[in-house]
Amino acid sequence: MAGEKSGEKKLKSLFTAEQIQQRVRQIASEIDQQYAGRSVHLVCVLKGACIFLADILRHLRLETSVDFICVWSYEQGATSSGEVRITKDLDHSIAGRDVILVEDIVDTGLTLNYLCQLLLRRNPQSLRVATLLDKPSRRIQPVKLDYVGFEIPDHFVVGYGLDYQQRYRNLPDICLLPDAEESERV
Ligand code: PRP
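Scoring rules and cut-offs
Every residue gets a number counted from 1 within its own chain, in the order that chain's sequence is written. Owing to the predicted nature of the model, reporting of local features is limited to residues with pLDDT of at least 70; listing and counting of side-chain atom pairs is limited to 80 or more, with chain, interface and lining totals taken over all residues. Side-chain figures throughout are based on the complete set of non-hydrogen atoms in the structure, without hydrogens or water. Note on ring pairs: Phe, Tyr and Trp rings are taken, using the six-membered ring of Trp, and paired if centres are within 6.5 Å. Classes follow the plane angle, with under 30 degrees stacked, over 60 edge-to-face and the rest tilted. Helical segments are the DSSP runs of H or I of at least four residues, strand segments are the runs of E of at least two, and each set is numbered from the N terminus. Throughout this description, buried means an accessible area under 20% of the type-specific maximum (1.4 Å probe, protein chains only), exposed means over 50%, and partly exposed covers the range between. We call a residue near a molecule or strand whenever a single non-hydrogen atom of that residue lies within 4 Å of it. We call two N or O atoms a polar contact when they sit within 3.5 Å, provided that within protein one can donate a hydrogen and the other can accept it, with sequence-adjacent residues counted only if both atoms are side-chain atoms. Here the accessible surface of atoms and residues is derived via Shrake-Rupley with a 1.4 Å probe, and residues count as covered only by protein chains that are part of the display. The pairing criterion is simple: DSSP has to find at least two bridges between the two strands. Residues grouped as a nonpolar core are buried Ala, Val, Leu, Ile, Met, Phe, Trp, Tyr and Cys residues, joined through side-chain atoms within 4.5 Å. We call two residues in contact when some of their heavy atoms are within 4.5 Å.

Undergrad: I keep staring at the packing of aromatic side chains and nothing clicks. Help me out?
TA: Describing an aromatic ring pair means giving the distance of the ring centres and the angle of the ring planes. Evaluation of the coordinates by the stated rule reveals two aromatic pairs. With a centroid separation of 3.9 Å and 15 degrees between ring planes, the pair formed by Phe-15 and Phe-150 is classed as stacked. Highlighted residues: Phe-15 in strand β1 (residues 12–15) and Phe-150 in strand β7 (residues 147–151), separated in sequence by 135 residues. The residues Phe-15 and Phe-150 share a single accessibility class, namely buried. Here Phe-156 and Tyr-164 contribute two aromatic rings whose centre-to-centre distance is 6.0 Å and whose plane-to-plane angle is 85 degrees, an arrangement assigned as edge-to-face. According to the relative accessible area criterion, Phe-156 is buried, its value standing at 16%. On the accessibility criterion, Tyr-164 (2% relative accessible area) is buried.

Undergrad: Sorry if this is basic, but what is going on with the site of the ligand here?
TA: Among the 15 residues in the neighbourhood of the ligand, the closest are listed as Glu-103, Asp-104, Thr-108, Gly-109 and Thr-111. The separation between an oxygen atom of the ligand and a polar main-chain atom of Gly-48 is 2.9 Å. Between the ligand and Thr-111 there is a distance of 2.5 Å, counted from an oxygen atom to a side-chain nitrogen or oxygen. Summarising the interface, the protein chains cover 83% of the accessible area of the ligand, which totals 500 Å² for the free molecule. At the level of elements, β5 (98–106) and α3 (110–120) are the ones that each hand at least two residues to the shell around the ligand. For the shell around the ligand, the element with the highest residue contribution is β5, accounting for four residues.

Undergrad: How should the pairing of strand β6 (residues 126–134) be read in this particular structure?
TA: Within a regular strand, the side chains alternate between the two sheet faces. Counting buried positions along β6 yields seven of nine residues, so the element is predominantly enclosed. The pairing of β5 with β6 spans eight bridges and is parallel. Each residue of the ladder has a partner; that of Glu-103, found in β6, is Thr-131. As paired strands, β6 and β7 are joined by four bridges and run parallel to one another. Opposite Asp-134, over in β7, you have Glu-151 as the bridge partner.

Undergrad: Any chance you could explain the environment of Pro-142 here in plain terms?
TA: Note on placement: Pro-142 falls in the loop between β6 and β7. Taking the C-alpha atoms as reference, Pro-142 lies 8.4 Å from Thr-108; in sequence the two are 34 residues apart.

Undergrad: What is the right way to look at the side chain of Thr-108 in this model?
TA: By secondary structure assignment, the location of Thr-108 is in the loop between β5 and α3. At 3.2 Å, the side chain of Thr-108 and the backbone nitrogen of Leu-110 are in polar contact.

Undergrad: So what exactly am I meant to see when it comes to the nonpolar core here?
TA: Burial of nonpolar side chains together is a common tendency in soluble globular proteins. Judged by nonpolar contacts, the single largest core of 28 residues is most densely connected at Ile-31, Phe-52, Ile-100 and Leu-133. Elements with a minimum of two residues in this core: α1 (17–34), β2 (39–46), α2 (50–59), β5, β6 and β7. Element by element, the count of residues in this core is highest for α1, at five residues. In this structure Ile-31 touches Ile-56, Leu-60, Leu-62, Ile-100 and Tyr-147, once residues within four positions along its chain are discounted. Of all hydrophobic cores here, the second largest spans 18 residues; its members include Val-84, Val-99, Leu-101 and Leu-112.

As structure tokens, then:
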């Protein structure tokens, strides 16, 4: 349970590690059924989605392959601007592959929209999106999400891969960042 370690006392758990694992297992099972008899190529968006990717991968029974892309979103205040820089591109071609893009959170949708357009230009056989968290109240750009772990309200969250200034990614739970600290990110 988060909040037990020194310096993390203020953090309140929104989803426990057990709840997350249960949901990840459900999503993996859904993917296994929908892609039965095929192989799936998972593209993980670094850095936040690394833990979600690792867990979902562990539960999949399909033939799988994995690649990573790292993006940096220019921000205007606390909101991404939609201007995205690729800091690490994929190592392998996705042409003709059944691709699932794996994200940790979709907020404005600007980053995901950019990434989907980029990947579609590379001619995958199919492209679907799995996100651990969806924050629809913040959406600027409509995006199609195929697998969603949890829908959350407009609150800054950390843990299970998600960070605040690169901290808290190691928390096993997904936690709410207290308002006082959140206001410092603007
Ligand atoms: C997060 C997340 C998405 C993006 C979503 O990345 O992984 O890529 O923000 O925001 P949007 O819907 O408003 O575009 P972040 O910039 O926090 O980087 P990180 O994954 O390296 O922590």
